[in-house]
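Structural overview
Spelled out from the first residue to the last, the chains are:
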Amino acid sequence: MKRGRIAYQGAIHQVTQAADRRVRLADGRLLNESEVSWLPPVVPGTIFALGLNYADHARELAFKPPEVPLIFLKGPNTLLGHCAKTRRPADATYMHYECELAVVIGKTGYQVAKADALDLVAGYTVANDYAIRDYLENYYRPNLRVKNRDGCTPIGPWLVDRDDVPNPMALKLTTRVNDQVTQQGTTADMIFDVATLIEYLTSFMTLNPGDIILTGTPEGLADVKAGDIVETEIENVCNLQNTIVDDRRFFAHSEKRS
Amino acid sequence: MITHNVGATVYGVILNDTVSLQKIGTLDAAPYQGAPQAPALYIKPANTRAAGGATVTLPRGATTVEVGATLGLVIGSAAARLDAANALEAVCGVVLAADLSLPHASYYRPAIREKCFDGSLPISEVLPLPDLSTLVITTEIDGALVDSRSLADLIRPPAQLLADVSEFMTLAAGEVLLVGVRYQAPQAGEGSRVRLSAAGVGSLEFSIAAEKIAADTGVKS
């Protein structure tokens, strides 16, 4: 089953995927995907993200692959639904997408063995964890000014049930910018796989339903500009679309707090 | 009375006081290659929250913990792109907080195991906003005074910190921004009783225990 969250006619709805690019509300109404506002498919708990979790990407950035998972956290301000707009600040010179398999936790667990780790998973979705490299600093890197910006982590549209993704470690990832393929990889190339990450995190902290783990991105980064349409897709999970906007458009109508 | 939303995100900042900057020494060389420009932030997620009176259990393999005594600004209304001149209007109160960290001398990579283990943020209830410029927070471990810090030496005082953080991220109502912790703060060990206090604010007490017992572990529904 594929589940999503939308805003429609003044209310938030949990929906499931229906035929012909439609969504089904709980009361049976069918809506065209184009007439709804997509929200992140889950209300997030703690959001984890992985740095350098694909060997080819680590090489691309001239880093040695890490020996323990390089994990950082993100706040709920970062998330954005499908088909929304992400701001590229006027002073940015290098802003790149990152297509990532997102793991959504469905049960509570502490000190979970690797063999049991996938029992904790509710399902999978797709995230695009944008980074603006101009703001990189070497304190708790990647620092929050790069990775915790408002709306710089589109996610969704669907949360796909775990059992519908029998092998999460063999999924093709593809990013297209304006219909041109710019990034391709497979989750088979992760350095620390999903089960290992859950075992590692629960060795010192409790994971709870709604927690999300963004598992890193393979090589193939490229700068994106205002107006670009960025699609991040993972085979058998979903295709997430986002559009880049510049400050002029983003702040076209605004006033400071008084 | 304001009720603190214990599920909300807590943000913190490092190297925001002159004592810590002196202690860490030169930042020109690798890996830092320069002093921080933007506030150097970290996140304490929901699982880290502990109430006053709690016993905090250290993760497997850890025997000591740094006690980063600090004050948290509790956000009362969504805060983005604030000006320092009126940034404190977005704050509805404060919390006294002990940001516990497994000792780590390097700030280069995110310190998730070190800073995000269960219970690593004992925190008071939400209290009215005091005069922050003269506030002094003391730390006692097993009855001995181990640290006394004044918020007068902050590099970015609370209003400036809020302005600089909210320049790139929105702080939501109920979220908390800790104003800074000491580099290599005093350490407590298993069995220690810790007490933070600040005149005009209140106090926060908790104790430290060894690794969790096996009955707490595994997958739960």
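Residues numbered from 1 in each chain as written. Chains lettered and ligands numbered in written order. Predicted model: local features only at pLDDT ≥ 70, side-chain atom pairs only at ≥ 80, totals over all residues.

The next subject is the overall build of chain A. Of the regular secondary structure elements, chain A holds four helices and 21 strands. Against the 2.2 N^0.38 benchmark of 18 Å for 258 residues, chain A shows a C-alpha radius of gyration of 18 Å, consistent with a compact globule. By principal-axis analysis of the C-alpha atoms, chain A measures approximately 50 × 45 × 40 Å. Pairs at least 24 residues apart make up 71% of the contacts formed inside chain A by residues separated by at least 6 positions. (Helix = DSSP H or I, 4+ residues; strand = E, 2+ residues; numbered from the N terminus. Rg over C-alpha atoms; globule rule 2.2 N^0.38 Å. Contact = placed C-beta atoms within 7 Å.)

What follows covers the interface of chain B and chain A. Taken together, the contact pairs 38 residues of chain B with 36 residues of chain A. Of all the elements in the fold, those that place two or more residues in the side of chain B that touches chain A are strand S2 (40–44), helix H2 (112–115) and strand S14 (218–220) of chain B. It is S2(B) that provides the largest number of residues to the side of chain B that touches chain A, a total of four residues. Of the residues contributing to the side of chain B that touches chain A, the split by class is 24 nonpolar, eight polar and six charged. By the bridge criterion, three bridges tie strand S12 (residues 108–110) of chain A to S14(B) in an arrangement that is antiparallel. For A:Gly109, the partnering residue across the bridge sits in S14(B) and is B:Val219. (Nonpolar A, V, L, I, M, F, W, Y, C, P; charged D, E, K, R; others polar. Pairing = 2+ DSSP bridges.)

Turning next to the nonpolar core. Formed by 127 residues in total, the largest nonpolar core has its most connected members in A:Ala102 and B:Leu162. Discounting chain neighbours no more than four positions away, the residues touching B:Leu162 are B:Leu73, B:Ala79, B:Leu82, B:Ala87, B:Ala90 and B:Leu177. (Core = buried A, V, L, I, M, F, W, Y, C linked by C-beta atoms within 7 Å. Buried ≥ 20, exposed ≤ 12 C-beta atoms within 10 Å, placed from the backbone.)

Residue and element names in this part refer to chain B. Residues at a pLDDT of 70 or more form 94% of chain B, whose mean pLDDT is 93. A low-confidence stretch, residues 1–6 stays under pLDDT 50, and its non-local contacts, those more than four residues away or across chains, total nine contacts. Reported confidence for the predicted complex is 0.95 by ipTM and 0.96 by pTM. (pLDDT = per-residue confidence, 0-100.)

Another aspect to go through is the sheet that holds strand S12 (residues 193–198) of chain B. Working definition: the strands of a sheet are paired by backbone hydrogen bonds and lie parallel or antiparallel to each other. All names here are of chain B. Reading across from one edge, S4-S13-S12-S8-S9 is the order of the five strands in this open sheet, with mixed pairing throughout. Single-partner strands in this sheet number two, and they are strand S4 (55–57) and strand S9 (144–150). Along the sheet, successive strands turn relative to each other by an average axial angle of 25°, direction set aside. In the sheet, S12 pairs with strand S13 (residues 202–209) via six bridges, with the strands oriented antiparallel. When the sheet's bridge partners are listed, serine 197 is paired in S13 with serine 203. (Axes fitted to C-alpha atoms, helices over the stretch in contact; angles between N-to-C directions.)

What follows concerns helix H3 (residues 158–166) of chain B. Every α-helix carries 3.6 residues per turn, so stepping three or four residues along brings you back to the same face. Residues and elements named next belong to chain B. All of the buried residues along H3 are Pro158, Ala159, Leu161, Leu162, Val165 and Ser166. Projected down its long axis, H3 carries its buried residues within an arc of 160°, all on one side. Buried residues along H3 sit in contact with strand S1 (10–14), S2, strand S5 (64–75) and strand S10 (176–178). (Arc of directions from axis to C-beta.)

Residues and elements named next belong to chain B. As defined by bridge partners, S4 adjoins S13 across three bridges and the pair is classed as parallel. Bridge pairing in S13 places threonine 57 opposite alanine 209. In sequence, S12 turns back onto S13 through a hairpin of three residues, with glycine 200 there showing a positive phi of about 85°.

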